[in-house]
Amino acid sequence: MSDLMVETQQLSKQFKLLLAVDGVNLKIPKGKIYALLGPNGAGKTTSIRMLLGLLKPTFGRVIVNDIDVTLNPKAIRGKVGLLPQVSAAYYDLTPMQNIKFILELNDVSYEKVSQTLANYFQTLEITHEMLNKPFSKLSGGEQRSISFIMAVITNKEFLVLDEPTSGLDIARAKYIRSIIKNLVEEEGRTILLSSHIVSDLEELADYCGILKQGKLVFQGKKEEIINTYAPDTQEFEDAIIAAFETPIKSSIPGKEGSQ
Amino acid sequence: MSKKKGASQLKTLLKKDLRLLFRKKVAIFVFGGPFIMMFLLIGLPSLFSSQQTSSLLICSDDLGYTGANIGDSILGNLTYYFLSDSTIEVEVVANLSAVTYTDEFGLYIPSNFSELAFLGVPTYYIVDATQSLFSESIFATIRSIANSVIATTLANRTIPPVNQDEVAPASIPEELLLGPKAAALAMPLSYMIFLLIALNSGSYSSIGFAREKRMRTMEILLAYSHRHSDLVISKAITGLVASLGSTLSYVLGIIAATQISGASFSGIFEIFGLNLGVLNAGDIIVTILFAVLALLISLLLTMAIDSNLAREASERISPLVSIGLAMFFYFGAVSNPLSSSTASMINPFYWCYRVSLLLISGKFSIEIVIYISLIIALLGLLIFFSTRGIQKEKTLYLE
């Protein structure tokens with residue numbers, strides 16, 4: 001049994017003329033939060049889809065929880081909790097119907113998780129009324145919160161959360177971060193967090209990797225970045241921005257957020 | 001993964017797909033549309049026009065030259081074979097001129113043989129019966145009855161042997177004579193298959209994968225479902241429900257309109273032309289089963305194209321392919337109900353149609369085995385290609 005939840009070897013993906021992912025060697029330890037950072041188009045989502053067996057790598061190997069996904073992509077199906085980048089739910093169904101659909105699809109009994117769900121609803125300020133009106137009638141933040149619940153309620157050992165706090169107000173983003181922390185600290189789950197929000201890295205990540213134009217330009221403990229560049233400083237943010245080469249949203253106190 | 005778990009996922013996917021089908025906006029379109037359309041297009045005009053009947057047989061009960069009522073004898077024999085067949089309307093004709101000037105297709109038997117006075121032989125006439133809505137086999141039966149009646153009734157009379165004049169007759173190979181049941185079923189079945197596919201083509205876009213791509217739910221479905229073929233099967237079953245619901249709505253629309261118009265209506269099967277006087281319950285079940293099978297092929301064909309093409313192209317092209325094949329099948333069946341041609345034999349809808357006719361006529365041959373094998377193989381292939389299609393990169397990437 002490996003200590004790594006995810007290990008990729010020279011993972012590459014070519015789309016016609018575009019090399020979206022180029023020789024990436026990810027190492028995500030079990031029971032930790034790994035933040036995969038990078039600007040739009042850096043290859044985060046493509047990498048995630050290859051980890052989930054949804055895309056076939058052009059080259060390289062993917063191992064998730066001792067399953068060789070490259071050789072046997074079917075074996076990974078249903079074993080990873082997923083929050084896609086864009087809220088993916090049935091807009092004509094209610095949030096409750098969407099949640100129950102995901103639970104049934106993953107063979108999780110509603111009764112078994114009803115207390116956990118109630119806690120999530122309370123924490124994320126999801127009211128009974130919201131749960132019973134069409135998903136399309138909810139605000140963007142509410143939709144994102146429901147999508148987050150749909151991803152984490154499936155009790156998967158490994159969770160992939162693509163931009164979990166994107167589009168959320170400050171309060172909801174804070175609650176989501178606290179839930180993510182609890183999932184790791186109390187339940188021992190492993191989380192791959194894809195984000196371009198620096199505060200997600202600061203508050204949550206144990207490890208991080210930075211993707212730039214499909215290449216993994218940095219991988220290591222969060223402290224390594226923080227020790228190199230003192231947090232809450234211009235240098236820290238500049239280092240991240242330099243890596244991304246595009247402006248990123250800052251959540252560092254006292255700084256103007258830029259997109 | 002256990003089979004139980006797999007079945008449970010299919011059940012969950014099906015529940016979700018059916019729930020999406022029965023949501024208000026889609027239900028009105030899929031189930032309400034055909035009712036309103038048929039009510040307006042077919043039902044209301046029937047208020048202003050009389051029902052059409054088809055004329056088939058013309059006999060005279062004039063005793064004429066022979067003094068024997070051969071017309072009644074033939075009719076008696078005919079109704080023995082085709083009891084309660086309301087589709088055959090008997091008209092009376094007294095001479096050859098009346099036959100010549102009629103526009104009807106069918107078999108004309110001037111039973112009094114008045115023509116003998118001029119021709120010297122008893123004669124009956126077939127006016128291109130193969131173009132009738134009724135099959136050749138009915139006419140073959142009638143001809144054999146006519147010959148038999150003439151031979152027995154006129155046996156003791158000194159009348160020359162029967163001389164048969166055929167006006168544009170079709171030569172019918174023996175193997176195509178599938179019997180009266182197949183003859184009664186041929187047109188209704190081809191119509192039923194075409195109708196089911198035509199009604200289905202409009203509703204597919206609201207239940208197919210194009211919608212999942214638009215909602216961006218494909219990623220979730222692919223990540224969580226153990227067998228991706230379950231996604232295809234669930235959509236196919238939902239499509240069947242939608243299409244059968246649309247058809248029922250279509251039938252109800254006609255019934256409602258005919259009730260208002262006061263026209264006689266003897267049952268749902270009459271709408272499709274299914275003659276319960278000839279066909280029994282088993283025949284009707286076989287008919288419906290193979291019509292539904294043709295519909296399933298149409299759905300999976302649409303899905304295979306839909307899932308293998310990018311979103312915009314798939315929404316436009318996939319229904320056209322299915323309906324195009326259905327049209328080729330239908331027009332082929334209408335022009336030659338019981339014959340096979342190369343063009344028809346490569347059409348999967350024809351396979352369903354042909355097996356149904358063969359089964360109902362009781363002709364259990366290798367042909368049935370070949371067509372059923374082809375149908376099963378095609379269904380498997382279409383599920384395979386649809387499943388492969390939804391796993392393609394373009395499903396997730398191309399918008």
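Worth saying up front: this structure is predicted, and the values here are computed from it rather than measured. (Residues numbered from 1 in each chain as written. Chains lettered and ligands numbered in written order. Predicted model: local features only at pLDDT ≥ 70, side-chain atom pairs only at ≥ 80, totals over all residues. Heavy atoms only, no water.)

Examining the overall build of chain B
Line of reasoning, step 1. Along its length, chain B carries 17 helices and five strands.
Line of reasoning, step 2. Within chain B, the proportion of its 399 residues that are buried is 50%.
Line of reasoning, step 3. A separation of at least 24 residues holds for 76% of the contacts in chain B among residues at least 6 apart in sequence.
Line of reasoning, step 4. A total accessible area of about 18,000 Å² is found for chain B, and carbon and sulfur atoms account for 65% of it. (Helix = DSSP H or I, 4+ residues; strand = E, 2+ residues; numbered from the N terminus. Buried < 20%, exposed > 50% of the residue type's maximum accessible area, 1.4 Å probe, protein only. Contact = heavy atoms within 4.5 Å. Areas by Shrake-Rupley, 256 points an atom, 1.4 Å probe, with all protein chains shown as cover.)

Some details on the overall build of chain A
Line of reasoning, step 1. Each helix and strand counted, chain A has nine helices and 11 strands in total.
Line of reasoning, step 2. When burial is assessed residue by residue, chain A has 54% of its 259 residues classed as buried.
Line of reasoning, step 3. Considering only intrachain contacts with a sequence separation of at least 6, the fraction spanning at least 24 residues in chain A is 65%.
Line of reasoning, step 4. Carbon and sulfur atoms provide 49% of the accessible area of chain A, an area that totals close to 11,200 Å².

Notes on the layout of surface pockets
Line of reasoning, step 1. Space inside the second largest pocket adds up to approximately 480 Å³.
Line of reasoning, step 2. Around the second largest pocket, the lining is made up of 20 residues, and of these Gly53, Pro73 and Arg77 of chain A together with His228 and Gln391 of chain B lie nearest the centre.
Line of reasoning, step 3. Across the lining of the second largest pocket, the residue classes break down as eight nonpolar, seven polar and five charged. (1 Å grid on protein atoms, 1.4 Å probe; cavity = no way out; pocket = protein on both sides within 12 Å on 5 of 7 lines; lining within 4 Å. Points joined across faces, edges and corners; volume = space filled by probe spheres on them. Nonpolar A, V, L, I, M, F, W, Y, C, P; charged D, E, K, R; others polar.)

A look at the pairing of strand β10 (residues 207–212) of chain A
Residues and elements named next belong to chain A.
Line of reasoning, step 1. Burial runs high along β10: five of the six residues are buried.
Line of reasoning, step 2. When strand β4 (residues 33–37) meets β10, the two strands line up parallel, connected through four bridges. Among the inter-strand pairings, Leu37 is bridged to a residue of β10, identified as Ile210.
Line of reasoning, step 3. Where β10 meets strand β11 (residues 215–221), six bridges bridge the pair, whose relative direction is antiparallel. The partner of Ile210 across the bridge, within β11, is Phe218.
Line of reasoning, step 4. Taken together, β10 and the strand that follows it, β11, pair antiparallel across an intervening segment of two residues, in which Gln213 is found at a positive phi of about 50°. (Pairing = 2+ DSSP bridges.)

Quick notes on the nonpolar core
Line of reasoning, step 1. Ranked by internal contacts, the top residues of the largest apolar core, which has 129 residues, are Phe148, Leu161, Ile180, Ile191 and Leu192 of chain A together with Ile193 and Tyr353 of chain B.
Line of reasoning, step 2. No other element matches the 14 residues that helix α12 (residues 281–308) of chain B contributes to this core. (Core = buried A, V, L, I, M, F, W, Y, C linked by side-chain atoms within 4.5 Å.)

Quick look at the packing of aromatic side chains
By convention here, two paired aromatic rings are described through the distance between centres and the angle between planes.
Line of reasoning, step 1. For the structure shown, the criterion picks out nine aromatic pairs over all chains.
Line of reasoning, step 2. Centre to centre, the rings of Tyr90 of chain A and Phe101 of chain A are 5.8 Å apart; their planes meet at 80°, and the pair counts as edge-to-face. Linking Tyr90 of chain A in the loop between β7 (80–83) and α2 (95–105) with Phe101 of chain A in helix α2, this pair joins segments that are 11 residues apart in sequence.
Line of reasoning, step 3. Owing to a relative accessible area of 5%, Phe101 of chain A belongs among the buried residues under this scheme.
Line of reasoning, step 4. Residues Tyr350 of chain B and Tyr371 of chain B carry aromatic rings whose centres are separated by 6.2 Å and whose planes lie at 80° to one another, so their mutual orientation is edge-to-face. (Phe/Tyr/Trp six-rings, centres within 6.5 Å; stacked < 30°, edge-to-face > 60°.)

Observations regarding the sheet that holds strand β8 (residues 158–162) of chain A
All names here are of chain A.
Line of reasoning, step 1. Pairing within the open sheet is mixed, and its six strands lie in the order β7-β8-β9-β4-β10-β11. Either end of the sheet is taken by a strand with one partner, and the two such strands are β7 and β11. Ignoring strand direction, the axes of neighbouring strands in this sheet form an average angle of 15°.
Line of reasoning, step 2. In the packing of helix α6 (residues 170–185) onto the sheet, the strands contacted are β4, β8 and β9 (190–195), and the crossing angle to β9 comes to about 150°. (Axes fitted to C-alpha atoms, helices over the stretch in contact; angles between N-to-C directions.)

Concerning the pattern of salt bridges
Line of reasoning, step 1. Taken as a whole, this structure holds 14 salt bridges over all chains when the rule is applied.
Line of reasoning, step 2. Residue Lys15 of chain B pairs with Glu104 of chain A through a salt bridge whose shortest N-O separation is 2.9 Å. With Lys15 of chain B in helix α1 (residues 3–21) and Glu104 of chain A in helix α2, this residue pair bridges two chains.
Line of reasoning, step 3. Here Arg354 of chain B and Glu367 of chain B are joined by a salt bridge, their closest N and O atoms 2.8 Å apart. Linking Arg354 of chain B in helix α15 (residues 348–360) with Glu367 of chain B in helix α16 (residues 366–390), this pair joins segments that are 13 residues apart in sequence.
Line of reasoning, step 4. Among the charged side chains, a salt-bridge network with shared partners connects Lys16, Asp17, Glu212 and Lys235 of chain B. (Salt bridge = Lys/Arg side-chain N within 4 Å of Asp/Glu carboxyl O.)

Remarks on α15 of chain B
Residues and elements named next belong to chain B.
Line of reasoning, step 1. If you check α15, its first and last C-alpha atoms are 19 Å apart, about what 13 residues at 1.5 Å a residue would give, namely 18 Å.
Line of reasoning, step 2. The element α15 is extensively covered by neighbouring structure, given that 12 of its 13 residues are classed as buried.
Line of reasoning, step 3. Considered for burial, the residues of α15 that qualify are Pro348, Phe349, Tyr350, Trp351, Cys352, Tyr353, Arg354, Val355, Ser356, Leu357, Leu358 and Ile360.
Line of reasoning, step 4. Where α15 begins, the side chain of Asn347 points an oxygen toward the backbone nitrogen of Phe349, at a separation of 3.1 Å.
Line of reasoning, step 5. Immediately beyond the C-terminal end of α15, within one or two residues, lies Gly362, with a positive phi of roughly 75°. (Expected span 1.5 Å × (residues − 1). Polar contact = N/O pair within 3.5 Å; in protein donor to acceptor, adjacent residues only side chain to side chain.)

Quick look at the environment of Leu325 of chain B
Residue and element names in this part refer to chain B.
Line of reasoning, step 1. By secondary structure assignment, the location of Leu325 is in helix α13 (residues 311–335).
Line of reasoning, step 2. Owing to a relative accessible area of 25%, Leu325 belongs among the partly exposed residues under this scheme.
Line of reasoning, step 3. With 128 residues separating them in the primary sequence, Leu325 and Ile197 have C-alpha atoms 9.7 Å apart.
Line of reasoning, step 4. Residue contacts for Leu325: discarding those within four places in its chain leaves Leu301, Asn347, Pro348 and Phe349.

Here we look at the interface of chain B and chain A
Line of reasoning, step 1. Listed as interface residues are 29 residues of chain B and, on the opposing side, 31 residues of chain A.
Line of reasoning, step 2. For the pair chain B and chain A, the interface holds two salt bridges.
Line of reasoning, step 3. Mapped onto the side of chain B that touches chain A, the elements with two or more residues apiece are α1, α8 (209–215), α9 (218–224) and α17 (393–397) of chain B.
Line of reasoning, step 4. With nine residues, α1 of chain B is the largest single contributor of residues to the side of chain B that touches chain A.

Examining the side chain of Ser225 of chain B
Residue and element names in this part refer to chain B.
Line of reasoning, step 1. Mapped onto the fold, Ser225 is located in the loop between α9 and α10 (228–261).
Line of reasoning, step 2. The exposure class assigned to Ser225 is buried, which follows from its relative accessible area of 0%.
Line of reasoning, step 3. Within the structure, the side chain of Ser225 is placed 2.6 Å from the backbone oxygen of Leu221, a separation counted as a polar contact.

So, unusual backbone geometry
All names here are of chain A.
Line of reasoning, step 1. Its identity as a non-glycine residue notwithstanding, Asp66 has a phi of 65°, on the positive side.
Line of reasoning, step 2. With respect to the helices and strands, Asp66 occurs in the loop between β5 (59–64) and β6 (67–68).
Line of reasoning, step 3. Owing to a relative accessible area of 39%, Asp66 belongs among the partly exposed residues under this scheme.
Line of reasoning, step 4. Look at Glu125: it is not a glycine, yet its phi comes out positive at around 55°.
Line of reasoning, step 5. Note that Glu125 resides in the loop between α3 (110–123) and α4 (128–131).

Thoughts on α2 of chain A
The periodicity of an α-helix, 3.6 residues per turn, causes residues three or four positions apart to be oriented the same way.
All names here are of chain A.
Line of reasoning, step 1. Burial runs high along α2: eight of the 11 residues are buried.
Line of reasoning, step 2. Residues Pro95, Met96, Asn98, Ile99, Phe101, Ile102, Leu103 and Leu105 constitute the buried set of α2.
Line of reasoning, step 3. Just past α2, the residue Asp107 takes up positive phi, approximately 60°.

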